[in-house]
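Breakdown of the fold
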Amino acid sequence: MGNGKYAKKRHHHRVLDQRKAHRTKRRATDIDQISATIIKATPTLIKALDKRDVDKVGKGEHYCMPCDRYFMNSGDLEKHERSKPHKKRIKFLSEPQYSHEEAEKAGGLGSYTTPEAPVYPVHLGLMTTQHKEEIEDLQSQLKASSVMA
């Protein structure tokens, strides 16, 4: 007994909260975490893009910083840059991020002012390994202008 088409299916063996397991299975990094990472990592962006990690997908060579994703080859990265989720992520990163200070001000603990958009030294669309040469040119121009000033 128990064989064939009427056998008990064990799809959710020992998973008590199926909704939570499904909701958190492919959870992506939040926008505010990525924004903070980009602002902190921008001076060392070239070093981060040069790293090759054997444990990561595609040896870490093809990386999209705004989406915090690795890709197998440059074709997949190019396809991702044209995709709707990537464009949405860049749009959300260009807007100001919600913070606890803003929540407290909006709740009456201080005078509320609208937050300013974050300032990134490098354009968000160029924060992939595919545009590494353009980033190097921009940083060399910034260094040259700071030396001249």
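Now for a description of the structure that goes with this document.

The rules behind the values
- The numbering scheme is per chain: residues are counted from 1 as the chain's sequence reads.
- Under the rules for a predicted model, residues below a pLDDT of 70 receive no local features and side-chain atom pairs below 80 are neither given nor counted, while totals for whole chains, interfaces and linings still include all residues.
- Hydrogen atoms and water are omitted, and side-chain values are computed over all heavy atoms in the structure.
- Elements are defined by DSSP. Helices are runs of H or I of four residues or more, strands are runs of E of two residues or more, and each kind is numbered from the N terminus.
- Categorising residues by exposure relies on relative accessible area from a 1.4 Å probe, with only protein chains included: less than 20% of the type maximum marks a residue as buried, more than 50% marks it as exposed, and the intermediate range marks it as partly exposed.
- By the convention used here, residues are in contact when the closest approach between their heavy atoms is within 4.5 Å.
- Summarising the geometry, the arc corresponds to the directions from the helix axis toward the C-beta atoms.
- When the centres of two rings from Phe, Tyr and Trp lie within 6.5 Å, Trp using its six-membered ring, the rings pair. Their planes under 30 degrees apart give stacked, over 60 give edge-to-face, and anything left gives tilted.

When you go through the protein residue by residue, the secondary structure sums to seven helices and two strands. In sequence order, the secondary structure elements of the protein are arranged as α-α-α-β-β-α-α-α-α. Of all 149 residues assigned to the protein, the portion counted as buried reaches 25%. Considering only residue pairs separated by 6 or more positions, the protein has 52% of its internal contacts joining residues 24 or more positions apart.

Within helix 4 (residues 74-81), the full set of buried residues consists of Leu77, His80 and Glu81. Taken around the axis of helix 4, the buried residues stretch over an arc of 100°, which confines them to a single face. Tucked into the core, helix 4 has its buried residues touching strand 1 (62-64), strand 2 (69-71) and helix 5 (84-94).

Looking now at the environment of isoleucine 38. Within the element layout of this structure, isoleucine 38 appears in helix 2 (residues 31-41). Judged by its relative accessible area of 0%, isoleucine 38 falls in the buried class. In this structure the C-alpha to C-alpha distance between isoleucine 38 and leucine 124, which are 86 residues apart in sequence, comes to 9.2 Å. Once residues within four sequence positions are removed from consideration, isoleucine 38 is found in contact with Met65, Pro66, Leu93, Tyr120, Leu124 and Met127.

Attention shifts here to the packing of aromatic side chains. This model, assessed by the stated rule, comprises one aromatic pair. Note on tyrosine 63 and tyrosine 70: the rings are 4.5 Å apart at their centroids and 35° apart in plane angle, and the pair reads as tilted. Note on tyrosine 63: relative accessible area 12%, which makes it buried. Using a relative accessible area of 28% as the deciding quantity, one classes tyrosine 70 as partly exposed.

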